[in-house]
Amino acid sequence: MNSIDPKAAQLIAAARAAARHAHAPYSRFAVGAALLMEDGSVITGANFENASYGLSLCAETVAIATASAAGRLREIVAIGVIGGAMDANGAPTGTTPVSPCGRCRQVINEAAQMGGRDLPVHCGAAEGDAVRTYRLSELLPDAFGPADLGIG
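Residues numbered from 1 in each chain as written. Predicted model: local features only at pLDDT ≥ 70, side-chain atom pairs only at ≥ 80, totals over all residues. Heavy atoms only, no water.

1. Some details on the pattern of salt bridges
Basically, it comes down to this: Here, a salt bridge means any Lys or Arg side-chain nitrogen found within 4 Å of an Asp or Glu carboxyl oxygen. A helix here means a DSSP run of H or I that spans at least four residues, while a strand means a run of E at least two residues long, and both kinds are numbered starting from the N terminus. Burial status follows relative accessibility: with a 1.4 Å probe on protein chains alone, a residue under 20% of its type maximum counts as buried, one over 50% as exposed, and anything between as partly exposed.
Tallying each qualifying case throughout the model produces three salt bridges. Asp-39 is the partner of Arg-72 in a salt bridge, and the nearest nitrogen-oxygen pair spans 3.1 Å. Taken together, the residues span a long stretch of sequence, with Arg-72 in the loop between helix H2 (59-69) and strand S3 (76-85) and Asp-39 in the loop between strand S1 (29-37) and strand S2 (42-46) at a distance of 33 residues. Taking relative accessible area as the criterion, Arg-72 reaches 17% and is therefore assigned buried. Three or more residues joined by partner-sharing salt bridges are found here, namely Asp-39, Arg-72 and Glu-75.

2. Thoughts on the packing of aromatic side chains
Which entries qualify depends on this criterion: The rule is short: rings of Phe, Tyr and Trp, with Trp giving its six-membered ring, pair when the centres are within 6.5 Å, and they are stacked under 30 degrees, edge-to-face over 60, tilted in between.
According to the stated counting rule, one finds one aromatic pair in the structure shown. Summarising the aromatic geometry, the rings of Tyr-26 and Tyr-53 are spaced 5.7 Å apart at their centres and angled 65° between planes, so their arrangement reads as edge-to-face. In this pair, Tyr-26 sits in the loop between helix H1 (6-19) and S1 while Tyr-53 sits in the loop between S2 and H2, placing the two residues 27 residues apart along the sequence. Judged by relative accessible area, which is 42%, Tyr-26 ranks as partly exposed.

3. Considering the side chain of Thr-61
The criterion, for reference: Working rule for contacts: check all heavy atoms of both residues, and any pair within 4.5 Å makes them a contact.
With respect to the element layout, Thr-61 can be found in helix H2. Judged by relative accessible area, which is 13%, Thr-61 ranks as buried. Thr-61 has contacts with Arg-103, Cys-104 and Val-107, leaving out every residue within four places of it along the chain.

4. Concerning the sheet that holds strand S4 (residues 120-125)
Operational definition: Whether two strands pair comes down to DSSP finding at least two bridges between them. Helix axes are fitted to C-alpha atoms over the stretch in contact, other axes to C-alpha atoms as well, and angles between N-to-C directions run from 0 to 180 degrees.
Taken together, five strands build an open sheet; the order of strands is S2-S1-S3-S4-S5 and the sheet is mixed. The open sheet has two edge strands with one neighbour each: S2 and strand S5 (131-135). Taken pair by pair, the neighbouring strands of this sheet meet at an average axis angle of 20°, ignoring direction. As judged from the five bridges shared by S4 and S5, these two strands associate in the antiparallel manner. Residue pairing in the sheet places His-122 in a bridge with Thr-133 of S5. H1 rests against S1, S2, S3, S4 and S5 of the sheet, and its axis sits at about 140° to S1.

5. Notes on the environment of Ile-151
Here Ile-151 shows up in the segment after helix H4 (136-139). The exposure class of Ile-151 is partly exposed, given its relative accessible area of 47%. Along the chain, Ile-151 and Arg-117 lie 34 residues apart, while their C-alpha atoms are 14 Å from each other. Apart from residues no more than four positions distant in its own chain, Ile-151 is found in contact with Met-114 and Pro-146.

None of this, on its own, says anything about what the molecule does.
See below:
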């Protein structure tokens, strides 16, 4: 059994719980995300697909938009993400860690730069204990963001 950081384990567990609420009738691929906030609270999100595919929202984007709507965008200190193909009951499956897509990496970068942090991104599997942890700067080197526009 792998020993992972307790905060990473907390975020992966919260992301798994969020993924159970994914609205993914088209791809049948559920994703959950969980944000650790400065005060130790956790904000979650799940992917939300739309019949007009371009209008779909990724779990990471949902979670970050929720934090922003609460006035807490700058308070994000870490993120956990899991994903996997949905079984007949809608639960995500699979033992391979899932990482944020390119669009989500850019959205995460917005929050990271606004908070002045190089966020840890914990990428977990839908099942089992496989977790890979990266710094956002590893996932999106030379990112364009608020700092490039003189904001931050």
